[in-house]
Amino acid sequence: MLTEELMQGAQKYLMDTYTRYPLALARGQGTRVYDVEGREYLDFLAGVAVNVLGHCHPKVTQALQQQALRLVHTSNLFYTEPQVKLARTLADHSFADKVFFSNSGAEANEAAIKLARRWAHTKDGAGRFEIVSMLNSFHGRTLATLTATGQEKVQQGFEPLPEGFPHVPFNDVDALASAVSAKTAAVLVEPVQGEGGVRVATPAFLQACRDITKERGALLIFDEVQTGIGRTGRLFAYEHFGVIPDIMTLAKGLGCGMPIGACLATDEVATVFTPGSHGSTLGGNPLACAAALAVLEVILEDMDILGHCTEMGEYFMKGLKDLQGRCPVITDVQGLGLMIGIEVTMDARELVHDLRKRGILINATSERKLRFVPPLIVTHAEIDRVVTTLGDVIEARR
Ligand SMILES: *Cc1c(COP(=O)(O)O)cnc(C)c1O
């Protein structure tokens, strides 16, 4: 089917929850995707920070093919090798000891919120239940996670929202100190905010999150759904800050496109989940776990991917800052590794549109903010092309 037909079909048959670009994609390879008419695009959105190894990485595709021939799904009433191996690999390479698998980021956060509440109830009784999160955060679209999300636009029309989700301004240590009390079960924070516009936490703020929660008997949850799995140049973003949470959630990059999420925790915290306290029929199925295991094997065995991500991230940031020097419409450039955002004084969505017409895919997280989250295998030449073309489209609109 051609783009036009697919757009009509979507309008007729799909619930209207997304503003889609007028673009129908048919295949992808590495950093490139191709539309149904065969046009090529350089993909600096990567399925919204998902395709960390690019599209159809040969090792991930091979793992999927082999597992699809063997066993796709069993439910969690049985043991499977890919799930145990994946949990062990995640535990071996993080602070965590134990893992719960879900199908998405929102579900991973839902598990984290339930785990924190159950831990707090077990320790201190029902009075300790609050999950303190940040303004402009994003944690998902289930009722609990959209309530934790610090953006009113995702909550409108879904009231009454669950109780016990106060918000504080990101990077504001004083506000955090006043919000965390004997009622707090956990503080939930993204080390680098993504969907709310790319903003990097200050090391002092994350350290304060750790110190204040510890002092007042609460847990610290890092939402690494977007920052995890190499995106920032380390396997997990918390490694940059030297701050260790009690719980961490993953999803986007984990399956490189296969739906899988994970909630990781220390042994001490994880023990409050017992048979029946949480579950997911499809969560951690062998196919999704085989893909995630292949992703981790590529990243861990080819250590250069993380080094490459750091180098490309610095090169990209420098390119964008140089461009900012020439284009005063760019008012801010920030990021960590290959998770980069810029703020502009013009309509960011028009710039996204202009770039797409020139064969480059990115997105706008708001009217004034653009986000760049390319696959970690991106090259100097591809970054040059994006920076140059961005300069051109800004110039053309002035
Ligand atoms: C995308 C995202 C989520 C939600 O993940 P879904 O898979 O869409 O449910 C949660 N937290 C953060 C930080 C995210 O970027």
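Note that the structure is predicted; figures quoted are calculated from it, not measured.

Parameters and conventions
Residues numbered from 1 in each chain as written. Predicted model: local features only at pLDDT ≥ 70, side-chain atom pairs only at ≥ 80, totals over all residues. Heavy atoms only, no water. Phe/Tyr/Trp six-rings, centres within 6.5 Å; stacked < 30°, edge-to-face > 60°. Buried < 20%, exposed > 50% of the residue type's maximum accessible area, 1.4 Å probe, protein only. Core = buried A, V, L, I, M, F, W, Y, C linked by side-chain atoms within 4.5 Å. Domains from an automatic or database assignment. Contact = heavy atoms within 4.5 Å. Near = heavy atom within 4 Å. Polar contact = N/O pair within 3.5 Å; in protein donor to acceptor, adjacent residues only side chain to side chain. Areas by Shrake-Rupley, 256 points an atom, 1.4 Å probe, with all protein chains shown as cover. Helix = DSSP H or I, 4+ residues; strand = E, 2+ residues; numbered from the N terminus. Patch = residues over 30% accessible without salt bridge, like charges linked within 9 Å, V, L, I, M, F, W, Y side chains within 5 Å. Salt bridge = Lys/Arg side-chain N within 4 Å of Asp/Glu carboxyl O. Lys, Arg positive; Asp, Glu negative; His and termini not counted. Charge placed at Lys NZ, Arg CZ, Asp CG, Glu CD. Pairing = 2+ DSSP bridges. Buried area = accessible area lost by both parts, 1.4 Å probe.

**Describing the packing of aromatic side chains**
Taken as a whole and judged by the stated rule, the model has five aromatic pairs. Summarising the aromatic geometry, the rings of F236 and Y238 are spaced 6.0 Å apart at their centres and angled 5 degrees between planes, so their arrangement reads as stacked. A relative accessible area of 6% means that Y238 is categorised as buried. Ring plane angle 70 degrees and centroid distance 5.2 Å describe the contact between F316 and F372, whose orientation is recorded as edge-to-face.

**Here's the deal with the nonpolar core**
Judged by nonpolar contacts, the single largest core of 94 residues is most densely connected at L90, L176, F316, L370, F372 and L390. Composition of this core by domain shows at least three residues from each of domain 1 (3-56 + 303-397) and domain 2 (58-301). Beyond its immediate chain neighbours, meaning those up to four positions away, L90 contacts V99, F101, F236, L250, L254, A262, L264 and L296. Within the second largest apolar cluster, 23 residues are counted, among which are A111, W119, L219 and A270.

**Quick word on the site of the ligand**
Neighbouring the ligand are 13 residues, the closest being G105, A106, D223, Q226 and K252. At 2.7 Å from an oxygen atom of the ligand is found a main-chain nitrogen or oxygen belonging to A106. Residue Q226 places a side-chain N or O atom 2.8 Å away from an oxygen atom belonging to the ligand. Here the ligand, which alone exposes 380 Å², has 82% of that area covered by the protein. With three residues, the single largest contributor to the shell around the ligand is helix α5 (residues 105-124).

**Here we look at a negative patch on the surface**
A contiguous patch of negative charge, built from D302, D304, E311 and E314, is present on the exposed surface. For D302, the location among the structural elements is in the loop between α11 (286-301) and α12 (304-326). Given the relative accessible area of 38%, D302 is considered partly exposed.

**Remarks on the sheet that holds strand β4 (residues 98-102)**
Read from one edge of the open sheet, seven strands run β4-β12-β11-β10-β7-β5-β6, paired in mixed fashion. Edge positions in the sheet fall to β4 and β6 (167-168), since each of these pairs with one other strand and no more. Both strand β11 (residues 247-250) and strand β12 (residues 261-265) contribute to a ladder of four bridges, which runs antiparallel. In the sheet register, T249 faces β12, and the bridge partner there is C263.

**Re the pattern of salt bridges**
Pairs can form between side chains of opposite charge once their charged atoms are near each other. One pass over the structure, following the stated rule, counts 17 salt bridges. Across the pair D124 and K123 runs a salt bridge whose closest N-O atoms are separated by 2.9 Å. Salt bridges here are not isolated pairs; linked through shared partners, they connect R32, E40 and E382.

**A short note on the domain arrangement of the protein chain**
Entries for the protein chain in the domain assignment read domain 1 (3-56 + 303-397) and domain 2 (58-301). The gap between the C-alpha centroids of domain 1 and domain 2 is 26 Å. Listed as interface residues are 27 residues of domain 1 and, on the opposing side, 33 residues of domain 2. Summed over both sides, the interface between domain 1 and domain 2 buries roughly 2,500 Å², with carbon and sulfur atoms accounting for 63% of that surface. Of all residues in domain 1, the largest losses of buried area upon contact with domain 2 belong to L306, L336 and M339, amounting jointly to 27% of the total for that side. Between domain 1 and domain 2 we count one salt bridge in total. Close ionic contact of R371 with E195 constitutes a salt bridge, the shortest N to O distance being 2.6 Å. Taken together, the connections running from domain 1 to domain 2 amount to six residue pairs in polar contact (both at pLDDT 80 or more). At the level of secondary structure, the elements contributing two or more residues to the side of domain 1 that touches domain 2 comprise α2 (46-49), α12, β13 (330-336), β14 (339-344) and β17 (369-372). Sorting elements by how many residues they give to the side of domain 1 that touches domain 2 places α12 first, with four residues.

**Focus: the pairing of strand β2 (residues 32-35)**
Judged from the four bridges that link them, strand β1 (residues 25-29) and β2 form a sheet pairing that is antiparallel. When the sheet's bridge partners are listed, R27 is paired in β2 with Y34. Between β1 and β2, which pair antiparallel one after the other, the connecting turn spans two residues, and G30 there sits at a positive phi close to 60 degrees. Pairing of β2 with strand β3 (residues 40-43), which is carried by three bridges, proceeds in the antiparallel orientation. Bridging from a neighbouring strand, R32 pairs with L42 of β3. Between β2 and β3, which pair antiparallel one after the other, the connecting turn spans four residues, and G38 there sits at a positive phi close to 95 degrees.

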